[in-house]
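These are the residues of each chain, in order.
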Amino acid sequence: MGGTENASGLSDFLLELYHDASECTPDELRLRVLNNLQRFIPFDFGVWGGGWADGRLVTDLTVLNQSEAILGEWDTVAQEDAFCGRFWHRQSHLRTAVQKSATEAAE
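Notes on the structure in this doc start here. (Residues numbered from 1 in each chain as written. Predicted model: local features only at pLDDT ≥ 70, side-chain atom pairs only at ≥ 80, totals over all residues. Heavy atoms only, no water.)

Of the regular secondary structure elements, the protein chain holds 4 helices and 2 strands. Counting helices and strands in the order they occur from the N terminus, the protein chain gives α-α-β-β-α-α. A buried classification covers 20% of the 107 residues belonging to the protein chain. Here the analysis covers contacts within the protein chain between residues at least 6 apart in sequence; of these, 37% occur between residues at least 24 apart. Of the roughly 8,000 Å² that the protein chain leaves accessible, carbon and sulfur atoms contribute 57%. (Helix = DSSP H or I, 4+ residues; strand = E, 2+ residues; numbered from the N terminus. Buried < 20%, exposed > 50% of the residue type's maximum accessible area, 1.4 Å probe, protein only. Contact = heavy atoms within 4.5 Å. Areas by Shrake-Rupley, 256 points an atom, 1.4 Å probe, with all protein chains shown as cover.)

This is the structure we're talking about:
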């Protein structure tokens, strides 16, 4: 993709994301975003999950082109997943900073 085509494609992606965020359920949104993201980043399957850092508890999961059994398979190695550990650690720091800012603003 050339510079102009790439910028136009990214703009279209962002406009679709904005539209879909107001029209889709959370599960539908995650699935649509994963599908649309394939226009920019080729991948065979995707997993978009959310949950709690404590205990690496996954509470919601959207899977594209893969069996949901992948969560059970991942669960067996979750505590050794270094990438996941770094992600949760970073999210924890972000959440703490946001909470601190909110507390300071309220005072």
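Here the narrative resumes, following the displayed structure.
The subject of this paragraph is the side chain of T62. By the element assignment, T62 lies in strand β2 (residues 57–64). Overall, T62 belongs to the buried group, its relative accessible area being 6%. Among the polar contacts listed, one links the side chain of T62 to the side chain of R30, at a separation of 2.8 Å. Leave out the neighbours within four places in its chain, and T62 touches D27, R30, L31, L34, G46, V47 and W48. (Polar contact = N/O pair within 3.5 Å; in protein donor to acceptor, adjacent residues only side chain to side chain.)

Moving on, we get to the packing of aromatic side chains. Think of a pair of aromatic rings as described by two things: how far the centres are apart, and how the planes are tilted against each other in angle. Counting across every chain of the model gives 1 aromatic pair. A centroid spacing of 5.5 Å and a plane angle of 75 degrees characterise the contact between F13 and F40, whose relative ring orientation is edge-to-face. Here F13 is found in helix α1 (residues 3–23), whereas its partner F40 is found in the loop between α2 (26–37) and β1 (46–52), with 27 residues between them in sequence. Overall, the relative accessible area of 10% leaves F13 in the buried class. For F40, a relative accessible area of 26% corresponds to the partly exposed category. (Phe/Tyr/Trp six-rings, centres within 6.5 Å; stacked < 30°, edge-to-face > 60°.)

A surface patch of nonpolar side chains, about 240 Å² in accessible area, is lined by L10, L14 and L17. Looking at where L10 falls in the secondary structure, it is placed in helix α1. (Patch = residues over 30% accessible without salt bridge, like charges linked within 9 Å, V, L, I, M, F, W, Y side chains within 5 Å. Salt bridge = Lys/Arg side-chain N within 4 Å of Asp/Glu carboxyl O.)

For the rest of this paragraph, the subject is the environment of G51. If you trace the backbone, G51 turns up in strand β1. Owing to a relative accessible area of 30%, G51 belongs among the partly exposed residues under this scheme. Remark: the alpha-carbon pair of G51 and L61, spanning 10 residues in sequence, is separated by 8.9 Å.

Looking now at α2. For α2, with 12 residues, the first-to-last C-alpha span of 16 Å sits near the 16 Å given by 1.5 Å per residue. Listed as buried for α2 are L29, R30, V33, L34 and N36. The buried side chains of α2 occupy one side of the element, clustering within an arc of 170 degrees when seen end-on. (Expected span 1.5 Å × (residues − 1). Arc of directions from axis to C-beta.)

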